[in-house]
Each structure stands twice: as C-alpha cells, then as structure tokens.
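One-letter residues, chain by chain:
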Amino acid sequence: MDIFLQQILNGLVVGSIYALIALGYTMVYGIMGLINFAHGEVVMFGAMVTITVISALVGAGVSLPGPLLVIIGLLIAIPACMLIGFTIERIAYRPLRGAPRLAPLITAIGLSISLQQVAILIWGRNYIPFPPILNHDVITFLGASITKLQIVIIALCLLIMVGLLTMVEKTKLGRAMRATSQNPAVAGLMGVNVNSIISATFVIGSGLGAVAGVMVATNYDQAHYYMGYMIGMKAFTAAVLGGIGNLGGAVCGGILLGIIESLGAGYIGDLTGGFLGSNYQDVFAFVVLILVLIFRPSGLLGEKLADRA
Amino acid sequence: MTNSTLRGKLGIYLVSAFLLAAQPFLVGGFLGNSWVRIIDFALLYIMLALGLNIVVGFAGLLDMGYIAFYAVGAYTYGLLSSPQFGLHLPFYITIPLGAVCAACFGLLLGTPVLRLKGDYLAIVTLGFGEIIRIFMNNLNQPVNITNGPQGVNLIDPIHLGGLTLGKTMEIGSLSLPVVYLHYYLFLALSVLVVILATRLQRSRIGRAWVALREDDIAAAAMGINIRNIKLLAFALGALSGGIAGGLFASFQGFISPESFGLMESIMILAMVVLGGMGHIPGVVLGAVVLTIAPEILRDTIGPMQMSTFGRMIVDPENARQLLFGLALVVMMLVRPAGMWPSKRRALEFSDAKAKARAQKG
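Bear in mind the structure is a predicted one, so any value in this text is a computation, not a measurement.

Trainee: Looking at this structure, how should I read the overall build of chain B?
Mentor: A tally of regular secondary structure across chain B gives 13 helices and six strands. Relative to a compact globule of 361 residues, whose C-alpha radius of gyration would be 21 Å, chain B shows 22 Å and is just as compact. Overall, chain B is about 60 × 55 × 55 Å in size when its C-alpha atoms are taken along their principal axes. Out of the 361 residues in chain B, the part that is buried amounts to 51%. Pairs at least 24 residues apart make up 73% of the contacts formed inside chain B by residues separated by at least 6 positions. A total accessible area of about 16600 Å² is found for chain B, and carbon and sulfur atoms account for 68% of it. Each charge sign in chain B was given a centre, from 25 positive and 17 negative side chains, and these centres are 11 Å apart.

So, in structure tokens, the structure goes:
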C-alpha cells in the first residue's frame, strides 16, 4: 500500500509539471489549430536561464535564502521565455497562416532544432547541475515520502492552473481568446485584435513553460539542452489525452499521465513477472494514450474532432 | 506528341540515364568516395520519403512514426543475417521478410487508428514510433533479442553465391568499391520505387487515396472502402520503409536504436513536405537536398571559419545543425507548398493565399 501511495505522489509531482506544459500546447492549439513543436525548447530555456542566473548570483557571493534566489531566477526566465515564444510565433507561424497545414509544422521543427543548437552554443552539451540551494527535506506521510519542494511544486502548479482558468473564463482578454479560438474572422469583426490575441497566447503559454522548466530542473536537480524533447512530447501527449484545445483537459491529462506513468513504472515488473522493467515507463504512457484515443478519439474531455489533416 | 519532342524527351532520358550511371565515377573521382556514400544514403532516403509520401502525401494521413517501419526492416535483416543468433540467411529471404514484417506493423498501427484524424493520428503514430524504439532499446533482457542500446553488429553484406557487395569488385580493369556497388543496387531499387509510386498514383487506388485526402465522407459516398484504402496506404508505405531498412542494415553493417529516433521520422517528413507533398519528383528532390545539404555544410563550415577568422569560433557540428534548422524555416517561409509542388497543390495554395489576402484587405 505504501508503494502505491508513493507512486501516486511521484506521479502527482511529474503530472502537475506535465499539466503546466500541456497548457501551453493546448492554448496554442485551441486558438490556431496548430501543434507548437518548439514549446519543449521554451521549457528548456526556462530551466537553463534560471540555473544560469542563480549560479551567477551564488558565484557573486549573494547570500539570499534559496527560494528567493529561485524566484529571482524565475523573474528573469519568464520574460526571456515569453520573448522566445513571441518570436517563435512571429517567425514560424504568422507568415504561414493560410498555408498548407504541414508548413508551420516544419518551420516549428526547424526553430526547435535551432533553439537546441543555440542552447548548446551558450551552455554546452553537458548536464547543467542545479545549484544546491534548495532544501530537499523529506516528509514521511502514511509510509510514503515527499520533499517539501515537491509539495511546493504541486501547490504552485495548481495555483497557476486555477489562475489561468479564471483568467480565460472571467477577464476580457480571456473572452477575446475564447472568441478567437471559436472563429477568428468573426472575433475580428467584433473588435478583437486577433493578431495580438495570438501573440498573447504564445506569450502566456511560454511563461507557463518557463515556470515548468524551472520545476523540472529543481525536481531532477539538473538541466540539459535536450530536456525539452521528451518532456515536451509527454506534455503534448497529456494535452491530447485530455482533449487538445481544452484547458481543463490539459490539466486532467497531465496529472493522469503522470500518475499512470509512475504506477506503470512501479508495477510493470510485477505485472509481467519480471519480463518488462521500469525502463518501459514511456511505453506505458504511450500505450495508455493509444488505448484512450481508440475508445475516445477526441480525448477525455474533448468535444470536437480535429479534422484538418 | 510530335516526333521532335518525342526525340527530345528520349534524349533527356538517355542523358540522365548516362549521368546516373556515371555518377559514382564522377563524384568519386572529383570529391572522393565519402561523397558516393552520402549519395547512397540519399537514395535510401528517396525510398523512405516516397514510402511516407504514400501515407502523408497521397492519403493525407499524418504519420510521425514512420521510422518505426525502417527500424523493423533493418532489425529483421540485422537479426537474421548476423552473428547475433548465428543465422546468416540470404538477402532474398531477409529483405522481403523485413518488408512484409514492416507492412504487418503498418497494419498493426493502421487498424486501431482508423477512426483518428489529423493531430490525434499524428500523436498516436509518434507514440507508436517511440514504443518500437524503446522496445529495441530494452529487449536485451531477460532474453537478449536486440542487444539493446549496443545494437546489432557485423551484419552480413548482401551476397549471392561468390558475389558480394561487401568488398571491392574487379571487373576486368574496372574496380568497383563497396559504395559504388551499393549505389547501383540502391539506384535500381529507387527507380523501381519511383515507377511503382507513379503507377500507383495514377491507378484506381491512387485516385481513391486522393479522394480520401480531400474529403473522406465524399469518398465513402463514392463507394470507396475507406477502411481498406487507409490500411493499404499504411501497409504499402511501411513496405517501402521496410525494404529501405533492410538495405540500410546490410550497407551499414551495424544498427542500433539510436538510428531510429523521432528526429529521423521528422527528417523524412520534412523531406516530403519540403519537397512538395504528394508530388513524386518534388519528394525525390526533397530527399536529395535534405541529405546532401547538411553534408555540404559539414564540409564547408570549418574551413570557412578558419579562412575568415583564422580560428574556430563555433563548433562546426553545432553551426551545421543551427544553419540546417534555420534553413528549414526559411525554405518553408519562402515556398510554403514545398520546393517543387504538384500543379494542383500549387494552385490550391495560391487560391488560399488570394483568399487570405482578400480577407485581410
């Protein structure tokens, strides 16, 4: 039983990070109907920039409490990532509106390769360790252990998600976003500046990506130029699992995927009599995804089928 | 067609056939055999890109895990024709077997995703590709099948009786190195794939695929069996990938899961899209350009930096990838319908553009 609880907790931590990144994918998809393949790289830059800022501060002998240092790092990383997201939209997506559907996919992949290479130029090919400034105290809870940091990660993710959902539901910007996602042309007639709404979507999504990147870096204590790939793919899977384009779906999908993955990794050895080990964790996630989509082709909470191949 | 244009066409065919036949000697003579090797790979990628083109270009099904079929073909050849299991089956069994296996995997993937469309299909195929790769990476325990991340080594070259493509062949005074021999084999097969793809496109099946791509409901109303035609697209696309995979394994002599990552799938997709989706000459052009361009960059970036700055400022490998990424972006922005789109697609696109302009203005 305690193993079960432990896996659930682990899954919750990873899952809430997935959810945060998945929101970035799903927001862009909801508005433009496109997969932003460069989003994983935004997450990676968020982690890298934060680590650089913190290391520089620590190196300069600034003695602030750990969490404050992370916040300072975040305050620099978020605008940086927002700028990257804004640029991605300007370069890769805006000129190709109305182009064949796969064209923006290729530009996004091109940008994603370029961003990875820029990261190598700046930070090199090695793993960058997270400076040891955070407290990794373990709290034991019903036989399962969780660090304070992980509790903060979960809480912060939930807070941000609630904030985002409230913004989309209640504010004027949110209403404009929903209008644009339903019908850009009509939204434009109603006085919504569609271009700036799309930019805003990319900027907000990238900001969330930056926060998620920092969380990944703190949780695993390291960052790497290639980290955006796998986590981006998982988050995208999560977004599809929940029904892409649906914000609540992204949150559910992310958390569900995290939990499924860690339960799968924990129990797959027992289930298959030791034939398959926890190295099949990723397979588990994808198999579940495929199964869900076979029985509910539009995702768990999705309503309409994406039909623009 | 008048007599003179017919003769002109024949002339063009003859000249290009001669150039293709002489290519390894020209390229090998002027640039060295490493470039012939790169051209060999370009031919493999032509087969792959044409296979994917059936699925993505003709039938309009976005497949992002295409490399899995290449992997299945390569591993079938590699496992049955190497010291891994001590089996050394001849190529005329392993390559067709690999192709059939790949086609079966195509059906395996195609059957559950029949109802999926667009991006959902993309993500499921992507997941499928990853699943295959993860299995290849981990099937070395408890029973060692694929030898895990180390991959399969010492794979037999293609050989028949005393004839082998694995070492230099002497015909009279003519000496043909390994890369030349493979060039001719791959060229013959690529031409075969081009011809088959062209014939398919113009056949009843090809027209059914286009109908499916444009509007599946209308296609069904016209009496096309959507299920069968989709599965056929997956299976035939996979078949071509499987053949290319077997050739890759025999040519390289070594395979590991690393060669079959998502990035490879994306590269092949980029060849199809960048060349001109659904247009066979365009796809061939895309495959050649995307195989050769990075190699040209590899050869020029280092020396260029040395001559302009007198030292290496940026790691050449790094700069090469960066330029490649940016080139993908720029090429797509300049020609969103691909470098060499079919007339029909080019028209569709200029139509869409005009509409967008009308909306804006």
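Trainee: Looking at this model, I keep getting lost on the overall build of chain A. Mind explaining?
Mentor: A tally of helices and strands in chain A yields eleven helices and four strands. For 309 residues, the compact-globule formula gives about 19 Å, and the C-alpha radius of gyration of chain A, at 20 Å, lands near that figure. If you line up chain A on its principal axes, its C-alpha atoms span 60 × 55 × 35 Å. Per-residue burial for chain A yields a buried fraction of 58% across its 309 residues. Restricting the contact set of chain A to residue pairs at least 6 apart, pairs at least 24 apart contribute 75%. Summing over all exposed atoms, chain A offers an accessible surface of approximately 12500 Å²; the carbon and sulfur share of this is 68%.

Trainee: Is there a simple way to explain the interface of chain B and chain A in this structure?
Mentor: The parts lose accessible area when they come together, and the size of an interface is often stated as this lost area. The partner chain A presents 54 residues to the 50 residues of chain B that form the contact. Carbon and sulfur atoms supply 75% of the area that chain B and chain A bury against each other, a total of about 4500 Å² over both sides. Ranking the residues of chain B by area buried against chain A places Asp119, Tyr120 and Ile123 of chain B at the top, with a combined share of 16%. The tally of links between chain B and chain A comes to zero salt bridges. For the interface between chain B and chain A, the tally reads three residue pairs in polar contact (both at pLDDT 80 or more). Looking at the side of chain B that touches chain A, the elements with two or more residues in it are helix H5 (118-138), helix H10 (262-275), helix H12 (316-334) and helix H13 (343-360) of chain B.

Trainee: How do you make sense of unusual backbone geometry when you look at a structure like this?
Mentor: Most peptide bonds take the trans form, and the phi angle of most residues other than glycine is negative. Residues and elements named next belong to chain B. You will see that Asn147, though not glycine, has its phi angle at about 65°, which is positive. By the element assignment, Asn147 lies in the loop between H5 and strand E3 (159-160). Residue classification places Asn147 among the partly exposed residues on the basis of a relative accessible area of 22%. A positive phi is found at Leu154, a non-glycine position, where the angle reads about 55°. For Leu154, the position within the fold is in the loop between H5 and E3.

Trainee: What's the story with the environment of Pro132 of chain A in this structure? I'm lost.
Mentor: Structurally, Pro132 of chain A is set in the loop between strand E1 (128-129) and strand E2 (138-141). Linking Pro132 of chain A and Gly66 of chain A, residues 66 residues apart in sequence, is a C-alpha distance of 8.6 Å.

Trainee: Looking at this model, I keep getting lost on empty space enclosed by the protein. Mind explaining?
Mentor: Empty pockets left among the atoms are what a rolling probe the size of a water molecule brings to light. With the rule as written, the count across this model stands at four cavities of 30 Å³ or more. There is about 70 Å³ of room inside the largest cavity. Lining the largest cavity, in full, are Leu34, Ile35, Arg101, Leu102, Pro104 and Leu105 of chain A together with Leu62 and Asp119 of chain B. Sorting elements by how many residues they give to the lining of the largest cavity places helix H4 (residues 102-123) of chain A first, with three residues. Among the residues forming the lining of the largest cavity, the class breakdown is six nonpolar, no polar and two charged. One number sums up the size of the second largest cavity: a volume of about 50 Å³.

Trainee: I'm lost on the UniProt feature "transmembrane region" (unreviewed entry) in chain A in this one. Help?
Mentor: The feature "transmembrane region" (unreviewed entry), as given by UniProt, occupies residues 12-35, 42-62, 68-93, 105-124, 149-168, 235-260 and 280-301 of chain A in the numbering adopted here. Secondary structure within residues 149-168 of chain A divides into 100% helix and 0% strand; the distance between the first and last C-alpha atoms comes to 28 Å.

Trainee: Would you mind showing me how to read a positive patch on the surface here?
Mentor: All names here are of chain A. On the surface, Lys170, Lys172, Arg175 and Arg178 cluster together into a patch of positive charge. Considering each element in turn, the positive patch owes the most residues, three residues, to helix H6 (residues 172-182). Structurally, Lys170 is set in helix H5 (residues 148-170). On the basis of relative accessibility, which here comes to 65%, the residue Lys170 falls in the exposed class.

Trainee: Before we go on, may I ask you to explain the pattern of salt bridges in this structure?
Mentor: Side chains carrying opposite charge are able to pair once their charged atoms draw close together. By the definition in use, this model includes seven salt bridges over all chains. Residue Asp137 of chain A is joined to Lys148 of chain A by a salt bridge in which the shortest nitrogen-to-oxygen separation is 3.9 Å. Linking Asp137 of chain A in the loop between E1 and E2 with Lys148 of chain A in helix H5, this pair joins segments that are eleven residues apart in sequence. The exposure class of Asp137 of chain A is partly exposed, given its relative accessible area of 38%. With its nearest N and O atoms 3.1 Å apart, the salt bridge here joins Glu214 of chain B to Arg213 of chain B. Judged by its relative accessible area of 39%, Glu214 of chain B falls in the partly exposed class. A single salt-bridge network, built from bridges that share partners, covers Glu89, Arg94 and Arg97 of chain A.

Trainee: How should I be thinking about the environment of Ala235 of chain B in this particular structure?
Mentor: If you trace the backbone, Ala235 of chain B turns up in helix H9 (residues 226-252). Each C-alpha atom of the pair Ala235 of chain B and Ser34 of chain B lies 34 Å from the other, and the pair is 201 residues apart in sequence.

Trainee: It is not clear to me how the confidence of the model for chain B should be interpreted in this structure. Could you clarify?
Mentor: Atomic detail in the predicted coordinates should be set aside for any region of low pLDDT. Residues with a pLDDT of 70 or more make up 96% of chain B, whose mean pLDDT is 87. Confidence estimates for the predicted assembly give a pTM of 0.85 and an ipTM of 0.83.

Trainee: Looking at this model, I keep getting lost on the environment of Val53 of chain A. Mind explaining?
Mentor: All names here are of chain A. Considering the arrangement of structural elements, one finds Val53 in helix H2 (residues 39-59). According to the relative accessible area criterion, Val53 is buried, its value standing at 15%. Along the backbone, Val53 and Asp137 are 84 residues apart, and their C-alpha atoms lie at a distance of 24 Å. Setting aside residues no more than four positions away along its own chain, Val53 makes contact with Ile72, Gly73 and Ile76.

Thresholds, definitions, all that
Residues numbered from 1 in each chain as written. Chains lettered and ligands numbered in written order. Predicted model: local features only at pLDDT ≥ 70, side-chain atom pairs only at ≥ 80, totals over all residues. Heavy atoms only, no water. Helix = DSSP H or I, 4+ residues; strand = E, 2+ residues; numbered from the N terminus. Rg over C-alpha atoms; globule rule 2.2 N^0.38 Å. Buried < 20%, exposed > 50% of the residue type's maximum accessible area, 1.4 Å probe, protein only. Contact = heavy atoms within 4.5 Å. Areas by Shrake-Rupley, 256 points an atom, 1.4 Å probe, with all protein chains shown as cover. Lys, Arg positive; Asp, Glu negative; His and termini not counted. Charge placed at Lys NZ, Arg CZ, Asp CG, Glu CD. Buried area = accessible area lost by both parts, 1.4 Å probe. Salt bridge = Lys/Arg side-chain N within 4 Å of Asp/Glu carboxyl O. Polar contact = N/O pair within 3.5 Å; in protein donor to acceptor, adjacent residues only side chain to side chain. 1 Å grid on protein atoms, 1.4 Å probe; cavity = no way out; pocket = protein on both sides within 12 Å on 5 of 7 lines; lining within 4 Å. Points joined across faces, edges and corners; volume = space filled by probe spheres on them. Nonpolar A, V, L, I, M, F, W, Y, C, P; charged D, E, K, R; others polar. UniProt positions renumbered as here; feature names shortened; annotations may be inferred. Patch = residues over 30% accessible without salt bridge, like charges linked within 9 Å, V, L, I, M, F, W, Y side chains within 5 Å. pLDDT = per-residue confidence, 0-100.

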